[in-house]
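Below are the chains, spelled out letter by letter.
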Amino acid sequence: MAAPSGGVNCEEFAEFQELLKVMRTIDDRIVHELNTTVPTASFAGKIDASQTCKQLYDSLMEAHASRDRFIKNCIAQTSSVVKHLREEREKNLDDLTLLKQLRKEQTKESSTAFAALFGHDTASALISCLLIHQAVLKWMQSELNVEEVVNDRSWKVFNERCRIHFKPPKNE
């Protein structure tokens with residue numbers, strides 16, 4: 001599946017993860033796809049395996065590139081929000097209570113920080129919001145590592161089944 005064409009709210013981490021799950025369908029089903037489309041030796045003459053492998057190759061390339069763009073776009077958006085929140089925090093550095101609150105919040109778990117977001121203190125809300133966005137940013141960045149593992153697994157399976165039938169271009 002290609003990346004969504006409309007604007008995605010990258011601040012909603014659950015939505016981000018759900019979309020990635022849908023976009024990774026091709027990788028999740030690659031073994032089944034290869035088993036049903038690439039013939040074994042006994043059926044080799046009935047199906048054009050080279051064309052089937054090329055189509056699957058193109059689909060994998062597009063899916064991987066699309067997910068990479070999607071993840072990096074969300075990381076960029078979230079990084080921008082974190083930068084803005086840090087700038088706001090820097091404006092208030094002279095506020096001793098804000099600094100004390102920041103140190104206090106940084107030692108707490110994110111769930112406690114999230115609860116503070118709904119407090120009455122503006123400084124607490126700013127700090128909590130910053131901490132939450134920093135956590136979301138780290139989760140999104142970790143998705144790049146997950147993506148690498150998913151892609152490697154898919155290419156390994158693809159190459160095991162299609163190496164005889166299709167040779168990918170060297171420049172990719």
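Residues numbered from 1 in each chain as written. Predicted model: local features only at pLDDT ≥ 70, side-chain atom pairs only at ≥ 80, totals over all residues. Heavy atoms only, no water.

S.K.: I would appreciate a short explanation of the packing of aromatic side chains in the present structure.
M.R.: For any pair of aromatic rings, the description consists of the separation of the ring centres together with the inter-plane angle of the planes. Taken as a whole and judged by the stated rule, the model has 8 aromatic pairs. The interplanar angle of 25 degrees and the centroid separation of 5.6 Å between the aromatic rings of Phe13 and Phe16 together place this pair among those described as stacked. One end of the pair is Phe13 and the other is Phe16, both in helix 1 (residues 13-23) and 3 residues apart, which spans about a single turn. Look at Phe13 and you get buried, because its relative accessible area is 13%. (Phe/Tyr/Trp six-rings, centres within 6.5 Å; stacked < 30°, edge-to-face > 60°. Helix = DSSP H or I, 4+ residues; strand = E, 2+ residues; numbered from the N terminus. Buried < 20%, exposed > 50% of the residue type's maximum accessible area, 1.4 Å probe, protein only.)

S.K.: It is not clear to me how the packing of helix 3 (residues 30-37) against helix 4 (residues 49-91) should be interpreted in this structure. Could you clarify?
M.R.: Any two packed helices are characterised by how steeply their axes cross, that is the angle between the axes, and by the distance between the axes. Put simply, helix 3 and helix 4 touch, their axes get as near as 11 Å, and they point 160 degrees apart. Overall, the two elements helix 3 and helix 4 adopt an arrangement that is roughly antiparallel. In this structure, helix 3 meets helix 4 at a crossing whose hand is right-handed. Across the interface between the two elements, Ile30, Glu33, Leu34 and Thr37 of helix 3 pack against Thr52, Leu56 and Leu60 of helix 4. Across the contact of helix 3 with helix 4, the residue classes break down as 4 nonpolar, 2 polar and 1 charged. (Axes fitted to C-alpha atoms, helices over the stretch in contact; angles between N-to-C directions. Parallel < 35°, antiparallel > 145°, perpendicular 65-115°, else oblique. Left-handed = near helix turned anticlockwise from the far one by under 90°. Contact = heavy atoms within 4.5 Å. Nonpolar A, V, L, I, M, F, W, Y, C, P; charged D, E, K, R; others polar.)

S.K.: Even after reading the chapter, I still don't get the pattern of salt bridges, so can you show me in this structure?
M.R.: Where side chains of opposite charge bring their charged atoms close, a pairing between them can arise. Taken as a whole, this structure holds 7 salt bridges when the rule is applied. Of the charged contacts in the structure, one is a salt bridge between Glu147 and Arg67, with a shortest N-O distance of 2.5 Å. With Glu147 in helix 7 (residues 122-162) and Arg67 in helix 4, this pair connects stretches of sequence that are 80 residues apart. A relative accessible area of 0% means that Arg67 is categorised as buried. The residue Asp68 makes a salt bridge to Lys72 at a minimum N-O spacing of 3.2 Å. Taken together, the residues Asp68 and Lys72, both in helix 4 and 4 residues apart, mark about one turn of the helix. On the accessibility criterion, Lys72 (45% relative accessible area) is partly exposed. Overlapping salt bridges, with partners in common, bring together Arg24, Asp27, Arg67, Glu143 and Glu147 in one network. (Salt bridge = Lys/Arg side-chain N within 4 Å of Asp/Glu carboxyl O.)

S.K.: Help me understand the environment of Val150, please; the structure alone is not making it clear to me.
M.R.: Of note, Val150 is situated in helix 7. On the basis of relative accessibility, which here comes to 17%, the residue Val150 falls in the buried class. Other than its neighbours up to four places away in sequence, Val150 contacts Arg24, Asp27 and Arg67.

S.K.: Can you help me understand the nonpolar core in this one?
M.R.: Note on soluble globular proteins: their nonpolar side chains tend to be buried together. The biggest cluster of nonpolar side chains holds 19 residues, and the ones touching the most others in it are Phe16, Phe70, Ile71, Cys74 and Met140. Those residues within four positions of Ile71 in sequence are excluded, and the remaining contacts are Phe16, Leu20, Arg24, Met140, Glu143, Leu144 and Glu147. Within the second largest apolar cluster, 12 residues are counted, among which are Ile30, Val38, Tyr57 and Val157. (Core = buried A, V, L, I, M, F, W, Y, C linked by side-chain atoms within 4.5 Å.)

S.K.: Is there a simple way to think about the packing of helix 1 against helix 4 in this case?
M.R.: The contact between helix 1 and helix 4 brings their axes to 11 Å, and the two run at 170 degrees. The angle between helix 1 and helix 4 falls in the class roughly antiparallel. Between helix 1, through Phe16, Leu19, Leu20 and Met23, and helix 4, the contact on the second element is made entirely by Ser66, Arg67, Phe70, Ile71 and Cys74. Across the contact of helix 1 with helix 4, the residue classes break down as 7 nonpolar, 1 polar and 1 charged.

Shape is all these values report; function is a separate question.
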